[in-house]
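Each chain, letter by letter, is given below.
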Amino acid sequence: MQFRFLAGLMLGGLCLAATALAQTAWKPSERINYIIGVAPGGTVDLYARAIKDSLERLKLTGGEPVIVENKVGAGGALAMNALRAGHGNAHYLGTFHTGAIAGAVTGLIKADPREFMPVAMLVEETSVVAVRADSPLRSGTDLVAALKADPTALRIAVAPALGQNIHMAIAKPLHVAGVAIDKLTIAPFRSSGESVTALIGGHVDVVSATAPVVLPQVANGKLRILASAAPVPGSGPLAGVKTWREQGVPADYVSYNGVTLPPGVHAEQIRFWEEALRKVSQDPQWRALVEKSGNQPIFRGYVESHRYMMSEWDAAAELARTLGLKGGR
């Protein structure tokens, strides 16, 4: 399969460099089609549109326009199928996200992200666990104690489905802490916005969600964050929120958001987009948008992005099996 071929390309980036010598310099010569696999309004859509804006504003596409299309359905598989149809055509961009890896591993998404070329990761997303402000739970330690006593005692909201990255972000630290995660009462919602609304309304007891969805409700006094799944303490709006590690649970879970290319693109096309997106990652407007949302702007190029995708596939498959979900495709 192509993803096995990609593993060879990754070694030291040497094959990419050698192939580039045989290619003429590439740049866009027609409009760029940016396919987003989620509905408008969420953070994946927000970041993709901000990347589009930076590419155009910084004149990184050779004057060619970037046209965004939200292609929603089948858990993101419709968007991946549309991107696959652009085989070898680097005028097509798609969204690269940890959620697609988890969804494919568990069978929710009937497509394999390993077929594609993850050219850059640009956002490190922090997931948090939160409760209502009047909850007796005041820390991650309290949550672990309650669920060790009775794994079914609390209704935990996730989105958009079981086995996706937001579910994994709470399951992993709880598993490391000794909770029987296959016995948890998990309530999946279509979006984190819906799951947070359900928490505020008292329909669930705990929510796992990305920080940008939770922080506004913390600011208005409706929710309290128990723990962050980030590997290190946060800053800005997450300053003072303790990580799981700071609370004695040696686990973290980070999601990444970035850009992928269709299968079959060549080394010089990868090189062009990697450098363009590196410049986006340095754009003050882009960085300010990401930081304001409670996440961390980063840059990881093709080699690191591909290495992450392959290692995350194996980690997600192992965790999915622990959860009793399909895994290890």
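Residues numbered from 1 in each chain as written. Predicted model: local features only at pLDDT ≥ 70, side-chain atom pairs only at ≥ 80, totals over all residues. Heavy atoms only, no water.

Here the focus is the pattern of salt bridges. By the definition in use, this model includes twelve salt bridges. The salt bridge involving Arg49 is made with Asp45; its shortest N-O contact spans 3.0 Å. One end of the pair, Arg49, and the other, Asp45, are both in helix α3 (residues 43–57), four residues apart, so they sit about a helical turn from each other. Residue class for Arg49 comes out partly exposed when judged on its relative accessible area of 32%. Notably, a salt bridge pairs Glu115 with Arg84, separated by 2.9 Å at the nearest N-O pair. Of this pair, Glu115 sits in the loop between α5 (98–105) and β4 (117–132) while Arg84 sits in helix α4 (residues 77–84), and the two are 31 residues apart along the sequence. Take Arg84: its relative accessible area is 27%, and that puts it in the partly exposed class. (Salt bridge = Lys/Arg side-chain N within 4 Å of Asp/Glu carboxyl O. Helix = DSSP H or I, 4+ residues; strand = E, 2+ residues; numbered from the N terminus. Buried < 20%, exposed > 50% of the residue type's maximum accessible area, 1.4 Å probe, protein only.)

Computed from the structure, the largest pocket encloses a volume of approximately 1,000 Å³. Lining the largest pocket are 40 residues; nearest its centre among them are Gly37, Val38, Val44, Pro160 and Gln164. If you list the elements that add at least two residues to the lining of the largest pocket, you get α3, α4, β3 (92–97), α5, α7 (165–176) and α8 (192–200). With four residues, the single largest contributor to the lining of the largest pocket is β3. Residue composition of the lining of the largest pocket, by class: 20 nonpolar, 18 polar and two charged. The calculated volume of the second largest pocket comes to roughly 320 Å³. Lining the second largest pocket are 15 residues, with Lys172, Asp252, Tyr253, Glu312 and Ala315 sitting closest to its centre. Within the residue set of the lining of the second largest pocket, elements represented by two or more residues are α7, β9 (254–261) and α12 (302–323). Per-element accounting of the lining of the second largest pocket gives the leading share, seven residues, to α12. (1 Å grid on protein atoms, 1.4 Å probe; cavity = no way out; pocket = protein on both sides within 12 Å on 5 of 7 lines; lining within 4 Å. Points joined across faces, edges and corners; volume = space filled by probe spheres on them. Nonpolar A, V, L, I, M, F, W, Y, C, P; charged D, E, K, R; others polar.)

This paragraph deals with the confidence of the model for the protein chain. Averaged over every residue, the pLDDT of the protein chain is 90; residues scoring 70 or more account for 91%. Here residues 1–23 is modelled with pLDDT under 50, and outside its nearest four sequence neighbours on either side it reaches 33 contacts, counting other chains as well. (pLDDT = per-residue confidence, 0-100. Contact = heavy atoms within 4.5 Å.)

Our next topic: the pairing of β4. The element β4 is largely enclosed, with a buried count of 15 among its 16 residues. Sheet analysis places β4 next to β9, joined by eight bridges and oriented antiparallel. Each bridged residue has a counterpart across the sheet, and for Ala120 the counterpart in β9 is Val259. In terms of strand pairing, β4 meets strand β10 (residues 296–300) through three bridges, oriented antiparallel. Residue pairing in the sheet places Met121 in a bridge with Arg300 of β10. (Pairing = 2+ DSSP bridges.)

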